[in-house]
Amino acid sequence: MAQIICLHSLKGGTSKSTLTLNLYHYFASLGKSVGIIDADPQGSISQAAEGIPVMKRSEIDNWNDVPEMITGDIILIDTAPYRAGNETLSILEISDLLLIPVRSSIFDLQALDFTVELYGKAKQTNKALRACIALTQGNATTVLTTQLREALEEYGLPVL
């Protein structure tokens, strides 16, 4: 059965779609069979992924069916930033990993609370779900990024 990685943040502009495409190419370079689901109505992945098969949100009736719908080693799901309700919870309940992209910004840090809270809810149903934070678009040498990394570590999740 495929490993399902959900990329989600309540905040837009955190590089969810860019990271999804980069992960696709990384895993494909390792010889893995990778599927992408674009669950963001904005459709960034669907527009940018030339030559990459992408399943659109409109093709899915029930998230519980996804593991059987897509064959392969890894399924990447790019979610909508503002849809942090029942749909995202349903996605997390079938996922193996929640990857939370966060930029070096106080606004991203403020939005992180809700995503981590949603992770906690999903974990009640999906005990195997793991999560980590991916620090994106940051310069590792700035004071802001250093302070943000320290704040992120307080969540108790691995920070990449």
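Our subject is the structure listed above.
In this text the structure is predicted, and so the values were computed from the model without any measurement. Every residue gets a number counted from 1 within its own chain, in the order that chain's sequence is written. It should be noted that, the model being predicted, local features are given only for residues of pLDDT at least 70 and side-chain atom pairs only at 80 or more, the latter also being counted only at that level, while totals for whole chains, interfaces and linings use all residues. Where side-chain values are given, they derive from all heavy atoms of the structure, hydrogens and water being excluded.

K.L.:
Explain the pairing of strand β4 (residues 74-78) here, please?
P.N.:
Along any regular strand, the residues point their side chains to alternate faces of the sheet. Among the five residues that make up β4, five are buried, leaving the element largely enclosed by the rest of the structure. When DSSP finds two or more bridges between a pair of strands, those strands are recorded as paired. Secondary structure elements are taken from DSSP: a helix is a run of H or I of four residues or more, a strand is a run of E of two residues or more, and numbering for both begins at the N terminus. Taken together, the five bridges between strand β1 (residues 3-7) and β4 define a ladder with parallel strand orientation. Looking across to β4, one finds that Ile5 is bridged to Leu76. Where strand β2 (residues 34-38) meets β4, five bridges bridge the pair, whose relative direction is parallel. Following the sheet pairing, Asp38 is matched in β4 by Asp78. The rule is simple: take the accessible area with a 1.4 Å probe, protein chains only, and divide by the maximum for that residue type; under 20% is buried, over 50% is exposed, in between is partly exposed.

K.L.:
How should I be thinking about the packing of helix α4 (residues 86-94) against helix α5 (residues 106-125) in this particular structure?
P.N.:
Relative placement of two packed helices is described by the angle separating their axes and the distance separating the axes. Here, axes are lines fitted to C-alpha atoms. For helices the fit covers the stretch in contact, and angles between N-to-C directions go from 0 to 180 degrees. It is the contact of α4 with α5, at a shortest axis distance of 9 Å, that shows an interaxial angle of 50 degrees. By the angle class used here, α4 and α5 are oblique. In this structure, α4 meets α5 at a crossing whose hand is right-handed. In this structure, α4 uses Thr88, Leu89, Leu92 and Glu93 to contact α5, whose residues at the interface are Leu118, Tyr119, Lys121, Ala122 and Thr125. Amino acids outside the nonpolar list (Ala, Val, Leu, Ile, Met, Phe, Trp, Tyr, Cys, Pro) and the charged list (Asp, Glu, Lys, Arg) are all regarded as polar, and Gly is one of them. Partitioned by chemical class, the residues of the contact of α4 with α5 number five nonpolar, two polar and two charged. Orientation categories follow fixed angle ranges, with anything under 35 degrees roughly parallel, anything over 145 roughly antiparallel, 65 to 115 roughly perpendicular, and all other angles oblique. A clockwise turn of the near helix away from the far one marks a right-handed crossing, whereas an anticlockwise turn of less than a right angle marks a left-handed crossing. Here, residues are in contact when the closest pair of their heavy atoms is within 4.5 Å.

K.L.:
Would you mind going over the pairing of strand β5 (residues 97-103) with me for this structure?
P.N.:
Within β5, six of the seven residues are buried, which leaves it mostly tucked inside the rest of the structure. Here β1 pairs with β5 via three bridges, running parallel. Counted as the bridge partner of Leu7 is Leu99 from β5. Inspection of the sheet shows β5 paired to strand β6 (residues 130-136) by seven bridges, in the parallel sense. Of the residues in β6, the one forming a bridge with Arg103 is Thr136. A crossover gets the label right-handed when its path from the first strand over the helix to the second runs clockwise, viewed with the strands pointing away from the viewer. In this fold, the crossover linking β5 to β6 by way of α5 has right-handed handedness.

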